Amino acid sequence: MPPQPVTRRHLVSQIRRRLDAEIAPIVVVRGPRQVGKTTAQFQIIADLLEEGVPPTSILRVQFDELDSLRRTKEPIIAISDWFERQVSSDGFNALAHKGEKAFLFFDEVQNLKGWDAQLKSLVDNASVKIVVTGSSALRIEMGRDSLAGRVNTVEAGVLSLTEIGALRELDTPRPFLPDNGLSPLIDKSFWQELREFGIANSGFRAEAFRHFSERGGYPIVHKLKDVDWPLLADQLNETVIKRVIQHDLRVGDRGRQRDAQLLEELFRLACRYAGQTPTVSTLADEARQSLGANIGSQRVTHYLKFLADTLLLRLIPPLEIRLKKRRGSAKLCLVDHGLRASWLQEQIPLTPDSLAEYPELTTMSGHLAESIFGSVASTIHGLDTAHLPERGTDREVDFVLTVGAQRVPVEIKYQRRIDPLRDTLGIRSFLEKSVNNASFGLLVTQDDTGTVDDPRIVSLPLSTFMLLR
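Because the structure is predicted, anything quoted here is derived from the model rather than measured. (Residues numbered from 1 in each chain as written. Predicted model: local features only at pLDDT ≥ 70, side-chain atom pairs only at ≥ 80, totals over all residues. Heavy atoms only, no water.)

The subject of this paragraph is empty space enclosed by the protein. The rolling of a water-molecule-sized probe over the atoms marks out the regions of remaining empty space. Taken as a whole and judged by the stated rule, the model has four cavities of 30 Å³ or more. As for the largest cavity, its lining consists of 15 residues, and the residues nearest its centre are T7, R8, R9, T39 and K223. Of all elements in the fold, only α2 (37-50), α8 (161-167) and α11 (219-223) reach the threshold of two or more residues within the lining of the largest cavity. When the residues that make up the lining of the largest cavity are grouped by side-chain class, the tally is seven nonpolar, four polar and four charged. (1 Å grid on protein atoms, 1.4 Å probe; cavity = no way out; pocket = protein on both sides within 12 Å on 5 of 7 lines; lining within 4 Å. Points joined across faces, edges and corners; volume = space filled by probe spheres on them. Helix = DSSP H or I, 4+ residues; strand = E, 2+ residues; numbered from the N terminus. Nonpolar A, V, L, I, M, F, W, Y, C, P; charged D, E, K, R; others polar.)

Turning next to the sheet that holds strand β2 (residues 58-62). Two modes of strand pairing occur in sheets, parallel and antiparallel, and in both the strands are linked by backbone hydrogen bonds. Strands sit in the order β2-β3-β4-β1-β5 across an open sheet of five strands; the sheet is parallel. This sheet does not close on itself; its edge strands, each paired only once, are β2 and β5 (151-155). Strand after strand, the sheet turns through a mean of 15 degrees between neighbouring axes, direction not considered. Note that β2 and strand β3 (residues 102-107) share five bridges and pair parallel. (Pairing = 2+ DSSP bridges. Axes fitted to C-alpha atoms, helices over the stretch in contact; angles between N-to-C directions.)

Compared with an ideal rise of 1.5 Å per residue, which puts 13 residues at 18 Å, helix α14 (residues 260-272) spans 18 Å between its outermost C-alpha atoms and is within 8% of the ideal. Taken residue by residue, α14 has A260, L262, L263, E265, L266, F267, L269, A270 and C271 as its buried positions. In this structure, the buried side of α14 is in contact with α12 (229-246), α15 (280-291), α16 (297-309), β6 (313-316), β9 (331-334) and α17 (337-344). Its side-chain oxygen at 2.9 Å from the backbone nitrogen of Q261, D259 defines the N-terminal cap of α14. (Expected span 1.5 Å × (residues − 1). Buried < 20%, exposed > 50% of the residue type's maximum accessible area, 1.4 Å probe, protein only. Contact = heavy atoms within 4.5 Å. Polar contact = N/O pair within 3.5 Å; in protein donor to acceptor, adjacent residues only side chain to side chain.)

The two faces of a sheet get side chains in turn, since along a regular strand they alternate between them. Summarising burial for strand β13 (residues 441-445): five of the five residues are buried, a large majority. Neither face of β13 is exposed, since G441, L443 and T445 on one face and L442 and V444 on the opposite face are all buried. Alignment of strand β12 (residues 406-412) against β13, held across three bridges, turns out to be parallel. Paired with I412 across the bridge in β13 is V444. Handedness of the β-α-β unit built from β12, helix α20 (residues 425-431) and β13 comes out right-handed. Taken together, the five bridges between β13 and strand β14 (residues 457-461) define a ladder with parallel strand orientation. (Right-handed = clockwise from strand over helix to strand, strands pointing away.)

Right, let's get into the sheet that holds strand β10 (residues 384-388). Read across the open sheet, the five strands follow the order β10-β11-β12-β13-β14; overall the sheet is mixed. Pairing within the sheet leaves two strands with one partner each, and these edge strands are β10 and β14. Taken over all neighbouring pairs, the strand axes of this sheet differ in orientation by 25 degrees on average, direction set aside. Lying on the sheet, helix α9 (residues 188-200) is in contact with β13 and β14; it crosses β14 at an angle near 30 degrees.

According to the stated counting rule, one finds zero disulfides in the structure shown. Here C271 is not cross-linked by a disulfide; its sulfur's nearest cysteine counterpart is in C333, at 12 Å. Looking at C271, the relative accessible area reads 0%, which means it is buried. Judged by relative accessible area, which is 0%, C333 ranks as buried. (Disulfide = S-S within 2.5 Å.)

To continue, consider the layout of surface pockets. Approximately 610 Å³ is the volume found for the second largest pocket. Residue lining of the second largest pocket: 30 residues in total, with Q14, R18, L177, P178 and D179 positioned closest to the centre. Among the elements that line the lining of the second largest pocket, the one with the most residues is helix α1 (residues 10-21), at seven residues.

Okay, the environment of R272 next. Relative to the assigned elements, R272 resides in helix α14. With 96 residues separating them in the primary sequence, R272 and L368 have C-alpha atoms 9.8 Å apart. The contact partners of R272, leaving out residues within four places of it in the chain, are R340, L344, E346 and M364. Within the structure, R272 has its side chain in polar contact with the side chain of E346 (distance 3.2 Å).

Attention now goes to the packing of aromatic side chains. Summed over all chains, the structure comprises 11 aromatic pairs. Judged by centre distance (6.0 Å) and plane angle (35 degrees), the ring pair of F209 and F212 falls under tilted. Highlighted residues: F209 and F212, both in helix α10 (residues 202-215), separated by three residues, approximately one helical turn. As far as burial versus exposure is concerned, F209 and F212 are alike and both buried. Note on F373 and F465: the rings are 4.2 Å apart at their centroids and 20 degrees apart in plane angle, and the pair reads as stacked. Remark: F465 occurs in helix α21 (residues 462-465) and F373 occurs in helix α19 (residues 362-378); sequence separation between them is 92 residues. In this structure F373 comes out as buried when scored by relative accessible area, which is 0%. Among the aromatic side chains, those forming a connected cluster through ring pairs are F176, F190, W191, F197, F373, F399 and F465. For the cation-ring pair, R258 lies above F306, with the distance from its terminal atom to the ring centre recorded as 3.9 Å. The side chain of K331 reaches across the aromatic face of F399, ending 4.6 Å from its centre. (Phe/Tyr/Trp six-rings, centres within 6.5 Å; stacked < 30°, edge-to-face > 60°. Lys NZ or Arg CZ within 6 Å of the ring centre and 35° of its normal.)

Time to look at unusual backbone geometry. We note that E22 has phi near 55 degrees; this positive angle belongs to a residue other than glycine. Structurally, E22 is set in the loop between α1 and β1 (26-30). Overall, the relative accessible area of 44% leaves E22 in the partly exposed class. For N437, which is not a glycine, the phi torsion comes out positive at approximately 55 degrees. Structurally, the position occupied by N437 is in the loop between α20 and β13.

Here it is in C-alpha cells:
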C-alpha cells in the first residue's frame, strides 16, 4: 500500500465497529469523491495486518480505474473465486470454521452491472466480511434495497470540525454524538448539553470553524494547509467537480447522452442557490438564458437528480405528514461550501468576526449556513431531514428532523442580533400543532449570544452543531 496518513477520519472507526460487530456481512460506505473512503479502507487493512490477519486473507479491488475489470463477466464473483482458490490459505468457509475470516474490500462498485446480485450470492454462500464503497447515492441505495438484511451503511461526508482539528494538530475534543443510534436527537437535554459542550470548547471551536470557513471540509485542503487556496481550488475543480460531471455522470450508454454543459451549468446554479429552494422553472429559465438552448423543467429535474446521485448535492425534500405530500421545491444543500468557492471563485466568510467586517455578505452567509446544516444532517445515517415550505396556515421552517414519529423543527438565523419573537415564529407555529408531534425546536445562530427565553427552544451556534460529528 502507499504510505498512509497518521491522522484518521472518524469514518475508520465507524467502519471497523460495524465489521467487528458482524451485524451484517457487508458494510456499505457511501460518500462523494475525495472525502477519504479509499484511505479509510487502506487504514483498516493496515490495522488488520498489524493485528495478525494473514495477507492471504485480505483482498482489495478498485473498480473505477480499469475498464477491463468492468468488462469481466461478474467480476466480483470471478475475482473472489480466484482469490479463494489461488491466494487464500484455505476456502472462505473453511477459514470461518477455524474462527478466522477473509476480508474483501471493493472500492467504487456502483458502475458494475449487477454488483448487488454478485455480493448477495457471495455472502449467501461464503462466510466473509466485505466493505463496499461508492460515490453514487442512487445506485448504492438501489443495491442496498436488494441486499436487505445483509448490509450496514455508513455515510461519509466532508471533514467535521473535530477531524479538521486533528489534521491541524489542535487540542481536539471527541465528537459529541455517539455512533450508536439516533435517540439522543429527540431529547431536548441532549441539545442543551451540546450547547454547553460548545461553550466549554469555545477556543477549539472558533479555531476549527475558522479553518472550515476559509477552506471548507475536503481533506486535501487541510492536509496541504500551506498550499495557497487558488491552487487547491483548481485541484478541487479537476478531481471532484469535473471528474463527476465529465466522467462519472457519463458512464454507460445512457450517461454518454447527457449534456455535460448543462450539468456544469446546473451545478453552478446549485452553488448560487445553495441553502435555498428555487423552483425548477426558475433554474430552467436561468439555464436557458445562460446556454441559449431550449431546456425544459423536466430535463432540469432529471439532471438535478443526477447531481444528487453523486452526493455533491443534497436535495432536501418538503416535509410529508400523514402521507400528505407537500408541494414545493427541494432545498439545495452542497456537500461543502469549499466547492462553491472553488467553482464560482467567490469566498463567503462564515465566522462572526469576518462577517462583522463584511456585513453586506450576511445574507449569503445565512444561505450557506442553511446549506451546511442540511449537508451535515444528511450524513447522520437514518435521520430523516426535510424542510417545511410556507403554505396556508403553516409558516416556513428551515428544517425538520424526524426520528421515528418524533420531529424537531430547526430555524437557521445566521445574524448578529436575534429577535426573540420574529425569528422563532416558524418554530413556535410548528410546536403548537399537535399533529407535528414536536416538543421542542432548535434555533441555529452565529454565536452563543443568540438565545431566546422560550423554554421549548434550544439555541446554539452553527459551529456548535458541527461538533456533533
